[in-house]
Amino acid sequence: MAKKNIDLKESLNFASKFLKNKNFDKAEKLYKKILGKFPNNFDANYFMASIKAQKNNFNDAKNYMEIALSINPNLPELNNNLGLIYLNLNDVEKSINYFEKAINLKKDYIFAYTNLGMAYVELKQVSKAKENYLKAIEIDPNNLLANYNFANLLKRLGDHENSVFYYKKAIEIDPNYLPSYNNVMDLYDKSNQNNELKKLINSAEKIFPNNQVIKSFKAKLLYKEKNYKEVVSLLDKTEFFPDQIIQKQASYEVLAKSYDKLGNYSEAFKLFRMLNDIMDQRKDKNVDKKIYLKTTEDRLNFFSDPKISNWQPTKVLDKKKDPYFLIGFPRSGTTLLDTILRSHPLIEVLEEIPIINKFMDLLYINKNFNLSNLKNINPNLIKEMREFYFSQIEASKKEKEKKITIDKMPLNIVHVGEILRFFPNAKFILALRHPYDCVLSCFMQNFMLNHAMANFLDLNDSSKLYDLTMSLWTKYIKVFKVDHHIIKYEDVISNFDKTIKDLLSFLDVSWSEDVKKFYKTAEKRGMINTPSYNQVSQPIYSNSMYRWKNYEKEFVKSKDLLDHWVKKFNY
C-alpha cells in the first residue's frame, strides 16, 4: 500500500511539472495514467478538468471537475471553475448556481462576482449584471477583469461615457492589457473624438510599438485627416497574425479607401474584393443571402397582383397618429438625412432600431400570419400589432417632447405593403442616390453581416438586390396610395436649402436654421451606428457623387439591371 502512495505522489509531482511548463499533452497522459489506478484522486481530476478546459473540451472538463467537487465540495475555487465551464457550455442557469455557491463559501470572492456578472449578461438581466460587477469593483477597485467586463457591458448598453471611464481605469490597472485600448479607441473613432483618439494612440504606441491593432486605428485617424499617402505607407506592408482578422478587415477597408482617394482605383477595388472575401469566409454559418432575396422576391410576386388595389381599407380602432419612416436602399444617404432631420428642434430620428423586424417576427412567427392574410385583417389583431409597434417606439425614444419621431431603417422599404395594412396613413421618406453609386458604396462597406447585408459582398449580387428592391417599391406605389416624398442625395448636396425645405414641408414642420449645422449635431451625437459615422460630422461635400465612373469597367455584368433605374429615376 505504501508503494502505491509513493508512486502516486511521484506521478503527481511529474504531472505538476509538465503542467507548470504548459506541456499539456504530457501532463494529460500522466494524469490519465494516474486516474486509471486512482479514479477518485482529487488532484488528478481537478487538473485534468483544467487541461480539458484549456483545450476547449468543456464536456470532458465538466465531468472531471464534478468528480473533484464531489470529493471536496466546499472549495469556492472549484465551484467558480465549474460555473465557468457551464458558462462555456451555454448552461447559464447552472453556471449561476455554482458562482453563487462559490460566493456563499467566500463572501469577498471577486472572481465569482465578476463571472456572475458575465452570466447575467448572457441572460440579458442587465441590472443583476451591473450589481455583480459593481460588487466586484467595490471589493477590489483595482481588479482588471471586473473593470474591463463592466466597461464591456456599458459599451453594449450604449453608455459610452461611463464605459470609457472603466476602460481607462482598466488601462491604469494594467497598461499592458491591449483590449482596453482597443475598445476605447473604437469608441473614440466611432464618436469622432479624434483629438482624444490621437492622444490615446500616441500613448499606446509607446507601450505597443508596431502593433497591428494600434496601426489600424492610426490609419483610420490619418484617413479622417485626409493623409491618404501616410495611410498607404503605414499599412501597405503590414502583416497580421491569424487571430487579428478584425484588424485586418479594418486595415483593408481604410487602405482601399485611401487608394480610392489617391486615384489608384484598380488597387482599391482589389482590396475591397479581398475584404469582402474575408468577411464571406468569417460570416456566421446561419447567414444566407438567399433568405433575404426570397423575402424580397416573395413580396414582389405577391404585390404584383393588380387586384390588391381594390382591397378594402383596414379598420383602425385607435386614434394614434400613424408613423413616419425613412427608407431606401442602404448607402443612399439615409444617415446624412437622419443627421439633418434630427438637427431640427421638433424631430427625433430613431437610428436603425429593428422595430419593424420585431413587428414582422411577432406577426409571422407568433401569429401564424402570411401575406394572403393582409387582404382581410381582424381589427383586433391590427389593434394589438399597432400597440406593440407604438410601445417599441416609446421605449426607444430619448426625447419624448419632440413633435415627430421618424423610424429610420433603410430596408424597411421591403415591408411597405405590410406596414400600410396596419398603418394606412403612414408617411414614407424615400432616399434615392444614383443607382451605380449606391450599389458601389454597398460593395465597399464593411457591414455587420446578416441575410440582407451578405448580398453586398459581391457587386453583381448588390445590383440584383437593388433591382429587386426598387421593383418591389414600384409595385407598392401601383397598388397602394403611398404617402411618400422622394429625396435625392445629389439634390441635398447641390441644392440643400430647397431640398430640405421641401422635405420639412412634407413633414409639416417649418424651416429651422439648425438643419444647416447638421455636422455640429453629429459631433454631439456620440456613437453613430452606421458606416457613415465619419462622414456626417463634416459639412456637405460632393466627392461621393458619381464615384462609380471610376469603377465603370466593374459593372459590365450589372449594367442592364442598373441602367433601367438610372433612366427611371432621371439620372
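In the block above lies the structure referred to throughout.
Residues numbered from 1 in each chain as written. Predicted model: local features only at pLDDT ≥ 70, side-chain atom pairs only at ≥ 80, totals over all residues. Heavy atoms only, no water.

Draft legend 1. Focus on the packing of helix 3 (residues 42-54) against helix 4 (residues 58-71). Contact geometry of helix 3 with helix 4 gives a least axis separation of 8 Å together with a crossing angle of 155°. Classified by the interaxial angle, the pair formed by helix 3 and helix 4 is roughly antiparallel. In the packing of helix 3 onto helix 4, the handedness of the crossing is left-handed. Between helix 3, through Phe42, Asn45, Tyr46, Met48, Ala49, Lys52 and Ala53, and helix 4, the contact on the second element is made entirely by Phe58, Asp60, Ala61, Tyr64, Met65, Ile67, Ala68 and Ile71. Within the contact of helix 3 with helix 4, the residues separate by chemical class into 12 nonpolar, 1 polar and 2 charged. (Axes fitted to C-alpha atoms, helices over the stretch in contact; angles between N-to-C directions. Helix = DSSP H or I, 4+ residues; strand = E, 2+ residues; numbered from the N terminus. Parallel < 35°, antiparallel > 145°, perpendicular 65-115°, else oblique. Left-handed = near helix turned anticlockwise from the far one by under 90°. Contact = heavy atoms within 4.5 Å. Nonpolar A, V, L, I, M, F, W, Y, C, P; charged D, E, K, R; others polar.)

Draft legend 2. Broad picture of unusual backbone geometry. One non-glycine residue, Asn210, adopts positive backbone phi at about 60°. Checked against the element boundaries, Asn210 lands in the loop between helix 12 (194-207) and helix 13 (212-224). The class for Asn210 is exposed, based on a relative accessible area of 63%. Of note, Glu352 is a non-glycine position whose phi angle comes to about 50°, a positive value. With respect to the secondary-structure elements, Glu352 resides in the loop between strand 2 (347-351) and helix 19 (355-366). (Buried < 20%, exposed > 50% of the residue type's maximum accessible area, 1.4 Å probe, protein only.)

Draft legend 3. Quick look at the pairing of strand 4 (residues 427-432). Burial runs high along strand 4: 5 of the 6 residues are buried. Across 5 bridges, strand 1 (residues 324-328) lies against strand 4 in parallel orientation. Paired with Ile327 across the bridge in strand 4 is Leu430. In this structure, strand 4 lies alongside strand 5 (residues 483-488), joined through 6 bridges in parallel fashion. What sits directly across from Lys427, in strand 5, is Asp483. (Pairing = 2+ DSSP bridges.)

Draft legend 4. Local environment of the nonpolar core. Ranked by size, the top nonpolar core spans 89 residues in total, and within it Tyr389, Phe422, Phe428, Tyr466, Phe480 and Phe555 carry the most contacts. Sorting elements by how many residues they give to this core places helix 23 (residues 459-479) first, with 9 residues. Excluding its chain neighbours within four sequence positions, the residues that come into contact with Phe428 are Phe325, Ile327, Val416, Ile419, Leu420, Val482, Asp483, His484, His485 and Phe506. Ranked by size, the runner-up nonpolar core spans 45 residues in total, among them Leu87, Ala102, Val121 and Ala136. (Core = buried A, V, L, I, M, F, W, Y, C linked by side-chain atoms within 4.5 Å.)

Draft legend 5. Focus on the packing of helix 6 (residues 92-105) against helix 7 (residues 110-122). Viewed as axis vectors pointing N to C, helix 6 and helix 7 meet at an angle of 160°, and their least axial separation amounts to 9 Å. As the angle between them shows, helix 6 and helix 7 are arranged roughly antiparallel. Crossing of helix 6 against helix 7: the hand is left-handed. Between helix 6 and helix 7, the contacting residues are Val92, Ser95, Ile96, Phe99, Glu100, Ala102 and Ile103 on the first element and Ala112, Tyr113, Asn115, Leu116, Ala119, Tyr120 and Glu122 on the second. For the contact of helix 6 with helix 7, a count of residues per class yields 10 nonpolar, 2 polar and 2 charged.

Draft legend 6. Representation of helix 2 (residues 24-37) in the model. Here helix 2 contains 14 residues, and its C-alpha end-to-end distance of 20 Å stays within 8% of the 20 Å for a straight helix at 1.5 Å per residue. Those residues of helix 2 that sit buried are Ala27, Glu28, Leu30, Tyr31, Ile34 and Leu35. (Expected span 1.5 Å × (residues − 1).)

Draft legend 7. Molecular detail of the pattern of salt bridges. Across all of its chains, the model carries 35 salt bridges by this definition. A salt bridge links Glu28 to Lys52, with the shortest nitrogen-to-oxygen separation between them at 2.7 Å. Note that Glu28 is positioned in helix 2 and Lys52 in helix 3, a separation of 24 residues in sequence. For the pair Glu28 and Lys52, a shared accessibility class is recorded, and that class is buried. When the shortest N-O distance is used, the salt bridge between Asp497 and Lys516 registers 3.3 Å. Taken as a pair, Asp497 in helix 25 (residues 496-506) and Lys516 in the loop between helix 25 and helix 26 (518-524) lie far apart in primary sequence, 19 residues in all. (Salt bridge = Lys/Arg side-chain N within 4 Å of Asp/Glu carboxyl O.)

Draft legend 8. Just the packing of aromatic side chains, in detail. One pass over the structure, following the stated rule, counts 37 aromatic pairs. Consider the rings of Phe150 and Tyr166, whose centres lie 4.8 Å apart with planes at 70°: the pair is edge-to-face. Linking Phe150 in helix 9 (residues 144-157) with Tyr166 in helix 10 (residues 160-173), this pair joins segments that are 16 residues apart in sequence. Judged by centre distance (5.4 Å) and plane angle (70°), the rings of Tyr265 and Tyr551 are edge-to-face. (Phe/Tyr/Trp six-rings, centres within 6.5 Å; stacked < 30°, edge-to-face > 60°.)

Draft legend 9. The arrangement of helix 6 in detail. The terminal C-alpha atoms of helix 6, which comprises 14 residues, lie 20 Å apart, in line with the 20 Å expected from a rise of 1.5 Å per residue. Along helix 6, the positions that sit buried rather than exposed are Val92, Ser95, Ile96, Tyr98, Phe99, Ala102 and Ile103. The buried residues of helix 6 occupy an angular sector of 170° when the element is viewed end-on, so they sit on one face. Exposed positions of helix 6 whose direction lies more than 90 degrees from the buried face are Glu93 and Asn104. Considering only its buried residues, helix 6 is in contact with helix 4, helix 5 (76-88) and helix 7. (Arc of directions from axis to C-beta.)

Draft legend 10. The sheet that holds strand 5, seen in detail. Read from one edge of the open sheet, 5 strands run 2-3-1-4-5, paired in parallel fashion. At either margin of the open sheet sits one strand with a lone partner, and together these are strand 2 and strand 5. Strand-to-strand twist across the sheet, computed as the mean angle between neighbouring axes with direction ignored, equals 25°.

Geometric values such as these leave the question of function open.
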